[in-house]
Amino acid sequence: MRWDNLGDTPAAPADIALFGTDAVTTRTFDTPEFRGITFHEVRARSILNRVPGASRMPFEWTVNPYRGCTHACVYCFARKTHSYLDLDTGLGFDSQIVVKVNAPELLARQLASARWQGAHIAMGTNVDCYQRAEGRYGLMPGILTALRDRANPFSILTKGTLILRDLELLTQAARVTEVGISVSVGFTDRELWRTVEPGTPSPQRRLDVVRTLGAHGIDCGVLMAPVVPFLGDRPEQLRETVRAIAEAGAVSVTPLVLHLRPGAREWFMQWLRRHHPGLVGRYERMYADGAYAPTWYQRRITRQVHELAAEFGIGPSQRGAARRTAVPEEPSLAAAPEQLTLL
């Protein structure tokens with residue numbers, strides 16, 4: 001897919017500059033949280049995306065209101081998608097954010113179509129729908145409202161604390177349909193967090209999200225991802241992470257070892273050479289056969305995490321699984337402030 005295809009107007013002639021069409025409005029904001037970031041506002045033609053049949057994902061449909069992500073995770077598999085738009089998969093992915101400004105109204109229209117059969121919709125599976133841009137553009141309340149109004153099952157995976165802003169909508173949706181919420185916390189090591197996930201809230205603040213959702217009757221699982229080989233996989237690191245996840249009240253923990261797809265692989269290896277040059281050879285050998293770590297290694301990590309989960313009283317869960325959450329009939333929800341700081 002190229003940039004032209006993201007607009008709701010006919011594709012522009014090939015000689016028009018990439019950001020020169022009427023379908024795109026480019027903005028920058030001179031505030032500390034958005035300094036150095038460029039937003040490209042587009043009016044999308046479609047917001048429901050079908051997942052390829054060959055995918056490993058346990059769902060068929062996704063909604064992605066943003067492309068690119070200010071979380072700036074050096075390992076993010078979605079980096080390759082920026083190349084489809086002729087955008088840079090390194091710093092460009094972190095700082096050139098495409099915003100589908102008509103996502104809520106478009107989703108409401110598509111859900112109302114007679115052709116839509118009410119399938120489960122996953123969000124946060126490409127880039128985070130609660131990244132910092134959401135604090136300015138506020139697309140998710142409209143998206144959640146559309147899903148609630150149609151009682152359409154959905155799930156959200158996030159590293160963002162901004163999801164707490166939408167507690168009331170999540171609670172309302174959970175009364176009428178299956179809602180699955182997962183927070184991504186691969187490790188609790190603060191030094192590792194600061195270098196590989198520099199734009200995200202800290203792991204501790206993400207676990208506070210798990211705790212808060214649970215306190216309001218919304219079950220929340222943790223995707224323990226990624227487990228980073230040689231940097232976050234020591235037994236004591238795994239134990240500390242699973243212990244913290246259990247203490248936060250997560251209903252499940254599902255480990256996922258780092259995978260390095262094209263686009264992410266190059267950027268991650270550059271980071272590795274700068275920060276841990278002694279590990280470059282080990283990574284080249286571990287990922288010599290492709291994007292995924294060897295099966296024996298994945299199984300070892302999974303076994304260790306599941307044993308620790310059992311010890312701490314939580315169990316594994318299937319990624320993307322949705323469930324009807326138990327919520328109070330008349331919840332009393334305090335308004336949750338937007339939390340955009342990283343600490």
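It should be noted that the structure appears before, not after, this text.
Residues numbered from 1 in each chain as written. Predicted model: local features only at pLDDT ≥ 70, side-chain atom pairs only at ≥ 80, totals over all residues. Heavy atoms only, no water.

*Asks:* Looking at this model, I keep getting lost on the overall build of the chain. Mind explaining?
*Replies:* When helices and strands are tallied, the chain shows 12 helices and 11 strands. Counting all 343 residues of the chain, 52% fall into the buried class. Across the chain, every contact between residues at least 6 apart in sequence was considered, and the portion connecting residues at least 24 apart equals 77%. Of the roughly 15100 Å² that the chain leaves accessible, carbon and sulfur atoms contribute 51%. (Helix = DSSP H or I, 4+ residues; strand = E, 2+ residues; numbered from the N terminus. Buried < 20%, exposed > 50% of the residue type's maximum accessible area, 1.4 Å probe, protein only. Contact = heavy atoms within 4.5 Å. Areas by Shrake-Rupley, 256 points an atom, 1.4 Å probe, with all protein chains shown as cover.)

*Asks:* What is the right way to read the sheet that holds strand S1 (residues 24-28) from this model?
*Replies:* By way of backbone hydrogen bonds, the strands of a sheet pair with one another, either parallel or antiparallel. One open sheet holds the four strands; their spatial order is S1-S2-S6-S5, and the pairing between them is mixed. Single-partner strands in this sheet number two, and they are S1 and strand S5 (66-67). (Pairing = 2+ DSSP bridges.)

*Asks:* Which parts of the structure should I look at to understand the pattern of salt bridges?
*Replies:* Opposite charge on two side chains permits them to pair, given that their charged atoms come into close proximity. Enumeration over the complete set of coordinates arrives at 13 salt bridges. In this structure, arginine 211 engages aspartate 208 in a salt bridge whose closest nitrogen and oxygen atoms are separated by 2.7 Å. Taken together, the residues arginine 211 and aspartate 208, both in helix H8 (residues 203-215) and three residues apart, mark about one turn of the helix. Look at arginine 211 and you get partly exposed, because its relative accessible area is 38%. Of the charged contacts, one joins arginine 243 and glutamate 240 as a salt bridge, the two residues approaching to 2.5 Å between their closest N and O atoms. A residue pair is termed a helical-turn pair when its members lie 3 or 4 positions apart in one helix, as arginine 243 and glutamate 240 do in helix H9 (residues 235-247) at three residues. Look at the salt bridges and you will find they share partners, linking Glu134, Arg165 and Asp166 into a network. (Salt bridge = Lys/Arg side-chain N within 4 Å of Asp/Glu carboxyl O.)

*Asks:* Would you take a moment to explain the pairing of strand S2 (residues 38-42) for this structure?
*Replies:* Regular strands place their side chains on alternate faces of the sheet. Of all five residues in S2, five are buried, a share of seventy percent or more. Inspection of the sheet shows S1 paired to S2 by five bridges, in the antiparallel sense. Across the sheet, the residue bridging to threonine 26 is histidine 40, located in S2. Examined bridge by bridge, S2 and strand S6 (residues 96-100) share five bridges and lie parallel to one another.

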